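Next come the chains, spelled out residue by residue.
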Number of protein chains: 2
Amino acid sequence: MRDATLRDVALLAGVSPRTVSNVVNGYARVTDHTRAKVERAIAELGYRPNVLARNLVYGRSGQLAVVVPYLDTPYFAELLQAIIPRARDRGYNVLIDQTDGDPEHERDLVRRAGRALLFDGMIFSPLGLSQDDLTAVDPSLPLVVLGERVSNGVFDHVGIDDVAASREATAHLIGLGRRRIAAIGDQPYPTGEAAQLRTRGYRQAHTDAGLPVDESLVIPTPRFNRADGSGAMRRLLDRPDPPDAVFCYSDLVALGALHVALERGLRVPEDLALIGYDDIEEGRYSNPPISTISPDKAAIAATAVDRVLDRIGSTEPLPGVEVRAAHRLVPRRSTVGRG
Amino acid sequence: MRDATLRDVALLAGVSPRTVSNVVNGYARVTDHTRAKVERAIAELGYRPNVLARNLVYGRSGQLAVVVPYLDTPYFAELLQAIIPRARDRGYNVLIDQTDGDPEHERDLVRRAGRALLFDGMIFSPLGLSQDDLTAVDPSLPLVVLGERVSNGVFDHVGIDDVAASREATAHLIGLGRRRIAAIGDQPYPTGEAAQLRTRGYRQAHTDAGLPVDESLVIPTPRFNRADGSGAMRRLLDRPDPPDAVFCYSDLVALGALHVALERGLRVPEDLALIGYDDIEEGRYSNPPISTISPDKAAIAATAVDRVLDRIGSTEPLPGVEVRAAHRLVPRRSTVGRG
DNA sequence: GTGAAAGCGCTAACAA
DNA sequence: TTGTTAGCGCTTTCAC
């Protein structure tokens, strides 16, 4: 049977569609008597407003797109976990897309996003997009980009201070007396901006301590996952002069590296100290648990949602801002041992 | 500036809306000349069809809701990772909701789902819903439920054979010579149907081997996460007669248990053998890697999407079917050691 | 407080 | 092949 429409309700209740609409939305004041009649009709027909039709009139969809490279990357999963309830509290549904880091797909997404009206705004964590790609985005699309970038003043960025955080992580290892510190995760090409910031912090810490950087210890990896961490660690340990510590650009990379180190019979942290980045739950349960840089994910999620909804709600385009969420270093057994 | 509408394009191209619609959707044949005119106008105005309006006419939203208890549970993240591209290939967007396992929220979701028209169908992985709750669902909603259940004949179920898989996991431990085998994850209440199936398999394996079950080794946990695994393991190891093996109802539980065992100085698997369930990537990288039951996630995702889209496409209600995806036991070092 | 009617942007039956 | 037009189901201006 066809779903009941507002018209059906009006007919049954003996009132006009206008009145039904008033009752449903609580817009205008309605007589108690009329309201009762309408509500009875609604119940009897099992009427539910058609969201699509309503949205068409309002010119908005009530949906927020969240685009991440990989859903099974714990960092993104944990972020989404925080984004979804926040959006729901503010009346928005979350539409998820994953790009697999495919630049084509990512570009396509931000380009066509604007007018489609399938979603009113977007929170986007790009992987294969350069600054240029992002500049080409339709500025009328309410957009918040995750991860630190040089702001172009058009949309918002939400992230932590990657350079400072990486400097702290590296300084932590230096402070522990380590001198041959490797870095796993550099991405020396246009789309690797985030990785490059971390490398910069790594260098700064060395400079601050008056130590040289052994460039051969800076290992690039295409992705920030376990497999890449394992591979890089293997190459590092095959050298005649392996490192005594490693700064990994994500916890996943650190977990992959840890796996290889233990497999080779190294003691962590005695022979090799390890620190990661992201503070995913998995790192708290690994053996040993891994030290990490913990970004304030709740703040990042909340800010991203709030900013994009503010943009949606605003009639005139808001200037793009750069938001830096807090972070802190969490020392665990992979660097400080059982101390 | 207001977005261009189909009407604007028609005006500019000097044709009727009908013709523009034809060009956009490739419905009827259009003269090359006319087509060119229209396309020029589209390009000039930067016209994009309004999806909302189109959907209103079609009476469908082109969206598929996927509801999971927790997004940051790797098993669900990995499943979603497979569901999203499959749905996209078939022209559907994925709308995600997480319920935190809240029965109220879950019940609410399946109840109101039907007519809202925000999504055309739903793939649902319930946690706090009993068979009764599910039976109350509007049968006109194209729905696929994840996880094994007794079918009620109304909607589809997709899962693996939990009893058989659990029997194999337990038999694997028995075959290794273990005799005091604990089980972590039972849920002896109406909403714990899935857990109970695993307990049943655990028992069957004992019966098959002519061994008694020590009921005090069956440990219930409210959730299937790391913290619950840790807690249960702690209680188990505090006993005077700790187990020599553990069957965990999820890899996350196993990882939590492993963490505690190693912390207490136990050797795994020499002192304690561990097997999990789900085959999440994390278990392949833990130290030692954990043996597990590996469900065919790709098949589960593909089947779930296909079934729900078939239901959406069908005019008359399809009978509910029970789909059993394949699974296999993956032995790793947490049970077989470095053999 | 309630009704009549226009219109959100699109599709598709019906005509021409 | 193309134009005219009536909705899809809802909100809301304008009258009463």
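Quantities reported herein were computed from a predicted structural model and do not represent experimental measurements.

**Considering the UniProt feature "domain: HTH lacI-type" (unreviewed entry) in chain A**
For step 1, the next point in the chain: Residues annotated in UniProt with the feature "domain: HTH lacI-type" (unreviewed entry) correspond here to residues 4-58 of chain A.
For step 2, the next point in the chain: The span residues 4-58 of chain A shows a helical share of 71% and a strand share of 0%, and its end C-alpha atoms are spaced 21 Å apart.

**Looking at the protein's contact with DNA strand D**
For step 1, the next point in the chain: Around DNA strand D, the structure places 25 residues, and the nearest of them are L6, R18 and Y27 of chain A together with T19 and T34 of chain B.
For step 2, the next point in the chain: Backbone atoms, meaning sugar and phosphate, form 67% of the atoms of DNA strand D found within 4 Å of the protein.
For step 3, the next point in the chain: In this structure, a phosphate oxygen belonging to DNA strand D sits 3.2 Å away from a side-chain N or O atom of N25 of chain A.
For step 4, the next point in the chain: At 3.5 Å, a backbone N or O of A53 of chain A approaches a base nitrogen of DNA strand D.
For step 5, the next point in the chain: The set of elements that each furnish at least two residues to the surface near DNA strand D consists of α2 (17-25) and α4 (51-58) of chain A together with α2 (17-25) and α4 (51-58) of chain B.
For step 6, the next point in the chain: Per-element accounting of the surface near DNA strand D gives the leading share, four residues, to α4 of chain A.
For step 7, the next point in the chain: Here the residues of the surface near DNA strand D sort into eleven nonpolar, nine polar and five charged.

**Some remarks on the protein's contact with DNA strand C**
For step 1, the next point in the chain: The full set close to DNA strand C counts 25 residues, and S16 and T34 of chain A together with L6, Y27 and Y47 of chain B are the nearest of them.
For step 2, the next point in the chain: Backbone atoms, meaning sugar and phosphate, form 71% of the atoms of DNA strand C found within 4 Å of the protein.
For step 3, the next point in the chain: Residue L6 of chain B places a main-chain N or O atom 2.4 Å away from a phosphate oxygen belonging to DNA strand C.
For step 4, the next point in the chain: Between a base nitrogen of DNA strand C and a side-chain N or O atom of R18 of chain B, the distance comes to 2.8 Å.
For step 5, the next point in the chain: Only α2 and α4 of chain A together with α2 and α4 of chain B provide two or more residues apiece to the surface near DNA strand C.
For step 6, the next point in the chain: Counting residues per element, the surface near DNA strand C draws most heavily on α4 of chain B, which supplies four residues.
For step 7, the next point in the chain: Looking at the surface near DNA strand C residue by residue, the classes come out as eleven nonpolar, nine polar and five charged.

**Details of the relation of the copies chain A and chain B**
For step 1, the next point in the chain: Expressed as a screw transformation, the operator carrying chain A onto chain B has a rotation angle of 180 degrees and an axial translation of 0.0 Å, and the superposed copies differ by an RMSD of 0.1 Å. Expressed as a symmetry operation, the mapping of one chain copy onto the other fits a two-fold axis. Rotation axis and chain A: the residue whose C-alpha lies nearest the axis is L95 of chain A, separated from it by 2.2 Å.

**Topic: the pattern of salt bridges**
For step 1, the next point in the chain: According to the stated counting rule, one finds 42 salt bridges over all chains in the structure shown.
For step 2, the next point in the chain: Across the salt bridge formed by D238 of chain A and R264 of chain A, the nearest N and O atoms sit 2.9 Å from each other. Of this pair, D238 of chain A sits in helix α10 (residues 226-238) while R264 of chain A sits in the loop between α11 (251-263) and β9 (273-275), and the two are 26 residues apart along the sequence.
For step 3, the next point in the chain: Among the residues examined, D238 of chain A registers a relative accessible area of 55% and is labelled exposed.
For step 4, the next point in the chain: Note that R311 of chain B and D156 of chain B form a salt bridge whose closest N and O atoms lie 2.9 Å from each other. You can see R311 of chain B sitting in helix α13 (residues 297-313) and its partner D156 of chain B sitting in strand β5 (residues 156-160), a full 155 residues away along the chain.
For step 5, the next point in the chain: Taking the relative accessible area as the measure of exposure, D156 of chain B reaches 0% and is therefore buried.
For step 6, the next point in the chain: By sharing partners, the salt bridges in this structure join R86, R90, D306 and D310 of chain A into a single network.

**So, the side chain of T221 of chain A**
Residues and elements named next belong to chain A.
For step 1, the next point in the chain: Relative to the helices and strands, T221 resides in the loop between β7 (218-220) and α10.
For step 2, the next point in the chain: Within the local environment of T221, its side chain forms a polar contact with the backbone oxygen of R223, the two atoms lying 2.9 Å apart.
For step 3, the next point in the chain: The contacts of T221, once residues within four sequence positions are left out, are I184, G185, D186, Q187, Y189, D228 and A232.

**Quick notes on the sheet that holds β9 of chain A**
Residues and elements named next belong to chain A.
For step 1, the next point in the chain: Within the open sheet, the four strands sit side by side as β7-β6-β8-β9. Their pairing is parallel. For this open sheet the edge positions go to β7 and β9, each flanked by a neighbour on one side alone. Averaged over all adjacent pairs, the angle separating strand axes in this sheet is 20 degrees, with direction ignored.
For step 2, the next point in the chain: Bridge analysis of strand β6 (residues 181-186) against strand β8 (residues 245-248) gives four bridges, and the strand direction is parallel. By the bridge assignment for β8, A183 is matched with F247.
For step 3, the next point in the chain: Relative to the sheet, helix α8 (residues 162-175) contacts β6, β8 and β9, its axis offset from that of β8 by approximately 170 degrees.
For step 4, the next point in the chain: Taken strand by strand, α11 contacts β6, β8 and β9, and its axis lies near 160 degrees from that of β9.

**Notes on the environment of D162 of chain A**
All names here are of chain A.
For step 1, the next point in the chain: Locating D162 in the fold gives a position in helix α8.
For step 2, the next point in the chain: Its relative accessible area of 3% is what places D162 among the buried residues.
For step 3, the next point in the chain: It is 17 Å that separates the C-alpha atoms of D162 and L173, two residues lying eleven residues apart in sequence.
For step 4, the next point in the chain: The residues contacting D162, other than those within four sequence positions of it, are E148, L197, R198 and Y277.

**Some remarks on empty space enclosed by the protein**
For step 1, the next point in the chain: One pass over the full model with this rule turns up three cavities of 30 Å³ or more.
For step 2, the next point in the chain: Size it by volume and the largest cavity reaches roughly 110 Å³.
For step 3, the next point in the chain: When residues of the lining of the largest cavity are traced back to their parent elements, those giving at least two are α11 and α12 (281-285) of chain A together with α11 (251-263) and α12 (281-285) of chain B.
For step 4, the next point in the chain: Class assignment of the residues belonging to the lining of the largest cavity gives a composition of six nonpolar, four polar and two charged.

**Some thoughts on the interface of chain A and chain B**
For step 1, the next point in the chain: Contacts between the two partners involve 53 residues from chain A and, on the opposite side, 53 residues from chain B.
For step 2, the next point in the chain: With both chains or domains summed, chain A and chain B bury close to 4,800 Å², and 54% of this area falls on carbon and sulfur atoms.
For step 3, the next point in the chain: For the pair chain A and chain B, the interface holds six salt bridges.
For step 4, the next point in the chain: For the salt bridge of D97 of chain B with R88 of chain A, the shortest nitrogen-to-oxygen distance reads 2.4 Å.
For step 5, the next point in the chain: Put simply, chain A and chain B have 17 residue pairs in polar contact (both at pLDDT 80 or more) between them.
For step 6, the next point in the chain: Of all the elements in the fold, those that place two or more residues in the side of chain A that touches chain B are α4, α5 (74-89), β2 (93-98), α6 (103-116), α10, α11 and α12 of chain A.

**Examining unusual backbone geometry**
For step 1, the next point in the chain: Residue N287 of chain A is joined to P288 of chain A through a cis peptide bond whose omega torsion reads 0 degrees.
For step 2, the next point in the chain: A cis geometry characterises the amide bond from V268 of chain B onward to P269 of chain B, with omega recorded as 10 degrees.
For step 3, the next point in the chain: In this structure, P269 of chain B sits in the loop between α11 and β9 (273-275).
For step 4, the next point in the chain: In this structure, D100 of chain B is a non-glycine residue whose phi angle is positive, near 55 degrees.
For step 5, the next point in the chain: Of note, D100 of chain B is situated in the loop between β2 (93-98) and α6 (103-116).

Basis of the calculations
Residues numbered from 1 in each chain as written. Chains lettered and ligands numbered in written order. Predicted model: local features only at pLDDT ≥ 70, side-chain atom pairs only at ≥ 80, totals over all residues. Heavy atoms only, no water. UniProt positions renumbered as here; feature names shortened; annotations may be inferred. Helix = DSSP H or I, 4+ residues; strand = E, 2+ residues; numbered from the N terminus. Near = heavy atom within 4 Å. Polar contact = N/O pair within 3.5 Å; in protein donor to acceptor, adjacent residues only side chain to side chain. Nonpolar A, V, L, I, M, F, W, Y, C, P; charged D, E, K, R; others polar. Least-squares fit on C-alpha atoms with pLDDT ≥ 70 in both. Salt bridge = Lys/Arg side-chain N within 4 Å of Asp/Glu carboxyl O. Buried < 20%, exposed > 50% of the residue type's maximum accessible area, 1.4 Å probe, protein only. Contact = heavy atoms within 4.5 Å. Pairing = 2+ DSSP bridges. Axes fitted to C-alpha atoms, helices over the stretch in contact; angles between N-to-C directions. 1 Å grid on protein atoms, 1.4 Å probe; cavity = no way out; pocket = protein on both sides within 12 Å on 5 of 7 lines; lining within 4 Å. Points joined across faces, edges and corners; volume = space filled by probe spheres on them. Buried area = accessible area lost by both parts, 1.4 Å probe.

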